Amino acid sequence: MVQEMEAARLHVIIPVYNQSFALAQTLYGFTRQTKPYNECRITVVDDGSDEPVDAIVEAYSNELNIHCIRLPRSGRAAARNAGVQASNADAVVFCDADRIPQPGFLRAHAHAQQQAGGSVTVGHVREMYVSNPEANRGLILKRYEDDRMLRTPQYCSLVYGLFGGDGSTNSPIAWIATLSGNLSVPLSWVLEAGGFDEDFKEWGFEHMELGYRLHRLYGTFRYEARAVNVHIAHPRAGHSYASLLTNSHAVFAAKHRGDEAVSRYLDFMLGRISLRKYESIAGGNRANGGSRTGHAHDGYVRITNGL
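Q: Which residues make up the overall build of the chain, and what values do they have?
A: A tally of regular secondary structure across the chain gives twelve helices and eight strands. By the compact-globule yardstick of 19 Å for 307 residues, the chain fits well, its C-alpha radius of gyration being 18 Å. The principal-axis extents of the C-alpha atoms in the chain amount to approximately 55 × 50 × 40 Å. Across the 307 residues in the chain, those meeting the buried criterion constitute 58%. Contacts in the chain between residues far apart in sequence, at least 24 positions, make up 79% of those at least 6 positions apart. Of the roughly 12800 Å² of accessible surface on the chain, 47% is carried by carbon and sulfur atoms. Of the side chains in the chain, 31 bear a positive and 32 a negative charge, and the two mean positions are spaced by 6 Å.

Q: I'd like to hear about the packing of helix 1 (residues 20-31) against helix 5 (residues 137-144), residue by residue, with values.
A: Running from amino to carboxyl end, helix 1 crosses helix 5 at an angle of 40°, the nearest separation of the two axes being 12 Å. Between helix 1 and helix 5, the crossing angle belongs to the class labelled oblique. As for how helix 1 packs across helix 5, the hand of that crossing is right-handed. For the pair helix 1 and helix 5, the contacting residues are Phe 21, Gln 25, Tyr 28 and Gly 29 in the first and Arg 137, Ile 140, Leu 141 and Tyr 144 in the second. Here the contact of helix 1 with helix 5 is built from residues that sort into five nonpolar, two polar and one charged.

Q: Before we move on, can you summarise helix 12 (residues 275-282) with the specific residues and values?
A: Regarding helix 12, the residues found buried are Leu 275, Tyr 278 and Glu 279. Buried positions in helix 12, seen along its axis, are confined to an arc of 100° and lie on one side of it. Check the buried side of helix 12 and you find it contacts helix 6 (154-160), helix 10 (260-263) and helix 11 (265-269).

Q: Would you mind going over helix 4 (residues 105-114) in detail, with residue names and values included?
A: Taken across its ten residues, helix 4 has eight buried, putting it largely inside the fold. Of all the positions in helix 4, only Phe 105, Leu 106, Ala 108, His 109, Ala 110, His 111, Ala 112 and Gln 113 are classed as buried.

Q: For the nonpolar core, give the residues involved together with the corresponding values.
A: Membership of the largest hydrophobic core comes to 57 residues, with the highest contact counts inside it found for Tyr 155, Trp 175, Ile 176, Phe 252, Tyr 265, Phe 268 and Tyr 278. Beyond its immediate chain neighbours, meaning those up to four positions away, Tyr 278 contacts Ile 173, Trp 175, Ile 176, Ala 261, Val 262, Arg 264, Tyr 265, Phe 268 and Ile 273. By size, the runner-up hydrophobic cluster in this structure holds 29 residues, among which are Val 12, Ile 14, Leu 27 and Ile 66.

Q: Break down the sheet that holds strand 6 (residues 120-128) for me, citing the residues and quoting the values.
A: Read from one edge of the open sheet, eight strands run 3-2-1-4-7-6-8-5, paired in mixed fashion. The open sheet has two edge strands, strand 3 (65-71) and strand 5 (99-101), and neither has a second partner. Recorded for the sheet is a direction-independent mean angle of 30° between the axes of neighbouring strands. Its contacts with the sheet place helix 3 (residues 76-85) against strand 1 (10-16), strand 2 (41-47), strand 3 and strand 4 (91-95), and it is angled at close to 150° to strand 1.

Q: Describe the pattern of salt bridges, naming the residues involved and giving the relevant values.
A: Working definition: two side chains of opposite charge can pair if their charged atoms are close together. Scanning all chains against the criterion turns up 19 salt bridges. Note that Glu 206 is salt-bridged to Arg 76, the shortest N-O span being 2.8 Å. Taken together, the residues Glu 206 in helix 8 (residues 206-217) and Arg 76 in helix 3 connect sequence positions 130 residues apart. Of the residues examined, Glu 206 reaches a relative accessible area of 1% and is grouped as buried.

Q: Got a sec to walk through the pairing of strand 2? Specific residues and values, please.
A: With six of seven residues buried, strand 2 is to be regarded as a mostly interior element. With six bridges joining them, strand 1 and strand 2 adopt parallel strand pairing. When the bridges of strand 2 are listed, Ile 13 appears paired with Thr 43. Tracing the backbone out of strand 1, into helix 1 and back to the parallel element strand 2 gives a crossover that is right-handed. Sheet topology note: the strand 2/strand 3 ladder contains seven bridges and is parallel. Across the sheet, Asp 47 pairs through a bridge with Leu 71, a residue of strand 3. Read from strand 2 through helix 2 (residues 53-59) to strand 3, the crossover connection turns out right-handed.

Q: Let's hear about the pairing of strand 4: which residues, and what values?
A: Along strand 4, five of the five residues are buried, which leaves the element largely enclosed by surrounding structure. Relative to strand 4, strand 1 runs parallel, the two sharing four bridges. From the neighbouring strand, His 11 faces strand 4, where its bridge partner is Val 92. As defined by bridge partners, strand 4 adjoins strand 7 (residues 182-186) across five bridges and the pair is classed as antiparallel. Counterpart to Val 93 in the pairing with strand 7 is Ser 184.

Here is what the cut-offs are and how they apply
Residues numbered from 1 in each chain as written. Predicted model: local features only at pLDDT ≥ 70, side-chain atom pairs only at ≥ 80, totals over all residues. Heavy atoms only, no water. Helix = DSSP H or I, 4+ residues; strand = E, 2+ residues; numbered from the N terminus. Rg over C-alpha atoms; globule rule 2.2 N^0.38 Å. Buried < 20%, exposed > 50% of the residue type's maximum accessible area, 1.4 Å probe, protein only. Contact = heavy atoms within 4.5 Å. Areas by Shrake-Rupley, 256 points an atom, 1.4 Å probe, with all protein chains shown as cover. Lys, Arg positive; Asp, Glu negative; His and termini not counted. Charge placed at Lys NZ, Arg CZ, Asp CG, Glu CD. Axes fitted to C-alpha atoms, helices over the stretch in contact; angles between N-to-C directions. Parallel < 35°, antiparallel > 145°, perpendicular 65-115°, else oblique. Left-handed = near helix turned anticlockwise from the far one by under 90°. Nonpolar A, V, L, I, M, F, W, Y, C, P; charged D, E, K, R; others polar. Arc of directions from axis to C-beta. Core = buried A, V, L, I, M, F, W, Y, C linked by side-chain atoms within 4.5 Å. Pairing = 2+ DSSP bridges. Salt bridge = Lys/Arg side-chain N within 4 Å of Asp/Glu carboxyl O. Right-handed = clockwise from strand over helix to strand, strands pointing away.

Here it is as structure tokens:
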């Protein structure tokens, strides 16, 4: 039986730019965490919002161990790094401001970090779409509490197949599951890897690029199906997804020239090659000839609402 990790050894980092309504729902989810994890330190990093993020944080200050760091508009990578630099915990949990954690979320991440000296642990994302969410808080909370009214995003369903039934993997592309909206990592690993690359300014692959470096440094990735948070899905204004992905991939590829796994990632993301084909390009089976731990299925990415 896994002993409970002390709450002080786990630190939650939530970057936010505006999204004050969604943040309030996410913080509500943290008030529902099982003991002792309802006492974990939470840092909200306000990335130059125009909305009253600090007031939302203050509203939960009597229920949560929470504080806020405010930055000038700097981008998601810089916001997450500010939270990392403020941490002295054993492990950090990244949760986006529009991801409401279910009650066992932090316990599951804590237990995963206690196994085998830590890991890059990918939690399970569920999703809801509610039109005009600010006027439908009751509906949001109803769906949050009823799994039958939620779905797993297509990209997530695809990459979770890289992991076996016990959550382990030996896939050479496990890093493509580094979804920082629901992720835990030993703090020392993030610091040694150099954190998120702040050259990524817009929505895109800053989390995958960190995952790529963590995979090269440590190689230990896990999928924890019990670490569930629920994404309040929303469309992204401005450029098309294909344009956003292409622009971000250019930054990613420029940093790792000559690595075919990185250069062909855009082909995978745009649905030009399947997961299995991409994995074979990136290295196929383990060097010792063993088969992949997970990945009993194959498929193509269909980007509909982001990562």
